[in-house]
Amino acid sequence: MKLPNICRASQLFLATMALTAIRLAGCAESSQPPQNILTPPVAMVLTVCDTSNETCVGSINFSLGSVRDLSFSVAWQNVPAGTHTQQIAFVQPNGVVYQTISHSFAVADGTTGSATTSDVVPVAGTYITQRSLAGDWSVEVSLDGKLIRSEKVQLGL
Amino acid sequence: MLETRFGLRRCRPSLSCLSLVALFVFLFLPSANLSAREKKTLILTSSQSRGGDTLLDASSGTTNFGTATSLNVAARSGTGSAARSIVQFDFTSFPSIAVKRADMSLVVTAVGNKTGSYEVHSITSLWTESAATWNNRVTNTAWNAAGGDYNATATAATTINGNTPGTYTWGITADVQSWYSGTQNFGHLILEIPSGGNDPAGVNFNSREAASGQPSVALTFLQQVSNLKATAGNGTVTLTWTNPTTFSGSTSLENYAGVLILRQVDKPVSATSIPADGTTYSACNTIGANSDVVVFADNTNATTFTDSGVCSALVNDHAYSYKVFAVDTAHYYSTECSTATSGSGACATNASAIVPEVIGIPSATAATQATWVFNTLAGSLSAPGLNPGASAVAGSNTLLYDINPSTGAPVAPPVGIGGAISGRPTLMDSVDGSLGQNVAYVPAQDNFLYAINTDTGAITWLVNPASAQFVASAGIQAKLFAGASYTLPKDLVVAGTHNGTTTSANKFVAVNGDTGATVWTVTGLSGTTPALDIVNSAPAIDYVHNAIWFTSRSNAGTAQPSLWKLDPVLGTVLFTAKLGPSDYSPTVSTGSDVLFVSVTGGALYAIDPVSGATFGSINPGDGGLHSSAAVTSPSLPYTVVFSTSTKVWAYQFSCSSNPCVAGGGTFTLLWGGTTVTNPSAPLTYWGATKVYVGGGDGKIHELDLATGVDSKQRLLNPTATIGDVALDITLSRVIAAASDGRIYSFAYPF
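Structural notes, computed from the coordinates. It should be emphasised that the depicted structure is a prediction, and the values quoted were computed from it without experimental measurement.

So, how was this worked out
- Residues numbered from 1 in each chain as written.
- Chains lettered and ligands numbered in written order.
- Predicted model: local features only at pLDDT ≥ 70, side-chain atom pairs only at ≥ 80, totals over all residues.
- Heavy atoms only, no water.
- Helix = DSSP H or I, 4+ residues; strand = E, 2+ residues; numbered from the N terminus.
- Polar contact = N/O pair within 3.5 Å; in protein donor to acceptor, adjacent residues only side chain to side chain.
- Core = buried A, V, L, I, M, F, W, Y, C linked by side-chain atoms within 4.5 Å.
- Buried < 20%, exposed > 50% of the residue type's maximum accessible area, 1.4 Å probe, protein only.
- Contact = heavy atoms within 4.5 Å.
- Buried area = accessible area lost by both parts, 1.4 Å probe.
- Salt bridge = Lys/Arg side-chain N within 4 Å of Asp/Glu carboxyl O.
- Nonpolar A, V, L, I, M, F, W, Y, C, P; charged D, E, K, R; others polar.
- Pairing = 2+ DSSP bridges.

1. With respect to the side chain of B:Ser422
Okay, so step 1: Looking at the secondary structure, you find B:Ser422 in the loop between strand 29 (415-416) and strand 30 (426-428).
Okay, so step 2: Side-chain polar atoms of B:Ser422 contact the side chain of B:Gln445, separated by 2.6 Å.

Below you can see the structure in the form of structure tokens.
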């Protein structure tokens, strides 16, 4: 069953890391003068949806009585080339971790450093609904072991 | 032996239970030498069942080198042609240690002519030695990124000279500490950084299959105390424990001095409360953001401490949590913090997570303390699977724990699984299972179904039979107990999928219990099979009628089936019923003459297991059914106990005729509803006089089976929700997990 109000457009997170680095190019033999190259900061957008809602573009409020499962889509930008591991921790209202999901992805050299991941945490029929574990849950997104963002998701009765 | 839904198991009159106990004898015989920091080298050998190593070669992307005696690492001209190697150590023999330092050594036997920098990275996805290749991590499953999924930040780097074979070492302390603090141990990947340019040969090092010079890790560590117990009195709590003794073969660096004990009230001591190495503490100091209180700082090798209100008086009927750190003469504490010359080095985030803890609840009237508390580092309300008296196996997040149910000590380090475990592990022992080993069958949210040897923690097999998540526990049809009509040669492991993106095309799979090979699959809306919504509970095995029963959701209505009966041999759908959505396991009566089915928020149905006809139903209100039914009595009439939103009920189910006929069954209220805040599924069994229920009030409730009176409770954590309970009928222990990330054990009856 779809909720009429859970599809309001919302970009939950637009996180930027303080990863701005300055690379000095050139050397003594270079014919070009030294110049500063600004590395764009890593950015990410997290979208949380009820998987039963095909048109959902993100929400932070869900009803335990109707939610199916929660999907966590993360769109990364400006991630350095290489292999990376994203971890999503779904944390109970009491602050204790409920589940973590790790997701590795590769960023190729010479690209804009974009990558998108999608993971699902089952909700319907689990102990979350069986025991009505309502409240303000947290979604903590880490990249390569560093916490990037923590946001609340409300599971209401 | 078989395990029933809630934790009881029928131990056949054989030596099987005793043999299982013998299998879990602690691995080390301690010497008399008391020491704290000790050092021991762990060698990765081919005989170890956990861990492994292999080569990932981009130029042979589908070739597995798991049995190779030498492994290659080379940058070559780029990632597309590189060779990397992966190594995972087996820490089974160190189930409960605080790691101060860990250095991995590899014996390099051949080098090219180029000096290079070789990095080790922690691996972030599960792999198997026998299947991992450059492309795949396990059979038919690719790495997320070809060449291995690993942390982008190198754990360590070592330069290997282009003309100097020998032993090279990488510091992996932080990773090993992390493994002992709740992160899965998937080992390390070794690569040569490509920025050094083309290095066609790279280096070769000995694998664990080599005759000598295998990979090794030198560990510096403290052991944890063991046998920690609390005994509560009137305004007091007395703790007792056993101090560690040096492992055989260890080098002792300092002598063991005593313990430091932290206390907290009505919530656990924080895993981030970390006494600093090199620091001396006094009573009433506080540590961490949780302000956990030092109540005992001992340097006399004491093994007991009575808290009569150190720093502040103990208030009766409150839960006092204690965490006991071992400490040595140099004031190193048994935390996951690195060795430092002054003060603590770098610490894992939850550096005191696995330090033994216990709760005591002072009382003026009765002793109510837990026999043990075990920190699983994540909240799960699933009861552990039990091998009574021998093993309690619990899944929490992505880790599977094997706990000694007598002491609460870990039998081995947890097993890292590729996805979260939602249900209760289903156990089969070596005597009764066709696999011939003590095994836990674990469906997980990474779409895999695992068979894990509970003696060693080794993954016996893993399969991805449906490409969909599992939430429910598995069921087992044991060949040994099946009738003649069960013609399959081995045990059958069955489970339903939770693919939330479809309300009609979920699957129910059956695999060979010995190999994981798919025997059959039932897919919703395939052929004549009706629509199948998500499956959230364990199946029930009806040995008398050779049938598998399971429940499902039904697209939020009664238009499609929610009760299913399958032929275990062929997977044929024998019967379905449109009762309304169910998240709870069906229960077969003791005499296999009635099947009880709970509809979520609806009624409890009594079903004829032969025809599928409904004998009768009952819905007492209060939001309808919120649990499976626990069935007592050996034959009709049956006493059934179940929960609704806020109450627990007992009904007697009887029939007007024998055998019962459709519509001929009657539910008669015995008692109820007994109010229990947000109750779990109740647990009782034939011959018992009590019913046990986990509550949303942080307590396990003991109800009288005859009257329903909630006469006694045990407080675990007043801010936690208590999950389904399990009963170890050998030890007389009731065991339950809580939303605070702990598993608690209490003696019963209360």
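2. Looking at the nonpolar core
Residues and elements named next belong to chain B.
Okay, so step 1: Tyr441, Leu492, Val494, Phe508, Trp520 and Ile548 are the most contacted members of the largest nonpolar core, which totals 36 residues.
Okay, so step 2: Counting residues per element, the ones that place at least two in this core are strand 31 (439-443), strand 32 (449-453), strand 33 (459-463), strand 35 (492-496), strand 36 (507-512), strand 37 (518-523), strand 39 (547-551) and strand 40 (563-566).
Okay, so step 3: Ignoring anything within four residues of it in the chain, the contact list for Val494 reads Ala474, Gly475, Phe508, Val509, Ala510, Trp520, Pro539, Ile541 and Ile548.

3. Considerations on the interface of chain A and chain B
Okay, so step 1: With 30 residues of chain A at the interface, the matching set in chain B holds 47 residues.
Okay, so step 2: Summed over both partners, the interface of chain A with chain B buries about 2800 Å², with 43% contributed by carbon and sulfur atoms.
Okay, so step 3: Of all residues in chain A, A:Arg68, A:Tyr127 and A:Arg131 give up the largest surface area on contact with chain B, accounting jointly for 26% of the area buried on that side.
Okay, so step 4: Inspection of the chain A/chain B interface yields one salt bridge.
Okay, so step 5: A:Arg68 serves as the salt-bridge partner of B:Asp533, at 2.5 Å between the closest nitrogen and oxygen.
Okay, so step 6: Remark: the boundary between chain A and chain B carries 17 residue pairs in polar contact (both at pLDDT 80 or more).
Okay, so step 7: Secondary-structure elements contributing two or more residues to the side of chain A that touches chain B are strand 7 (82-91), strand 8 (97-107), strand 9 (115-122) and helix 1 (127-130) of chain A.
Okay, so step 8: A total of nine residues in the side of chain A that touches chain B trace back to one element, the largest contributor, which is strand 8 of chain A.
Okay, so step 9: Looking at the side of chain A that touches chain B, its residues break down into 10 nonpolar, 15 polar and five charged.

4. Quick look at the pairing of strand 16 (residues 226-232) of chain B
Residues and elements named next belong to chain B.
Okay, so step 1: Pairing geometry for strand 16 and strand 17 (residues 237-242), over five bridges, is antiparallel. Opposite Ser226, over in strand 17, you have Thr242 as the bridge partner.
Okay, so step 2: Counting the residues between successive antiparallel strands, the hairpin from strand 16 to strand 17 contains four residues, one of them, Gly235, with a positive phi of roughly 75 degrees.

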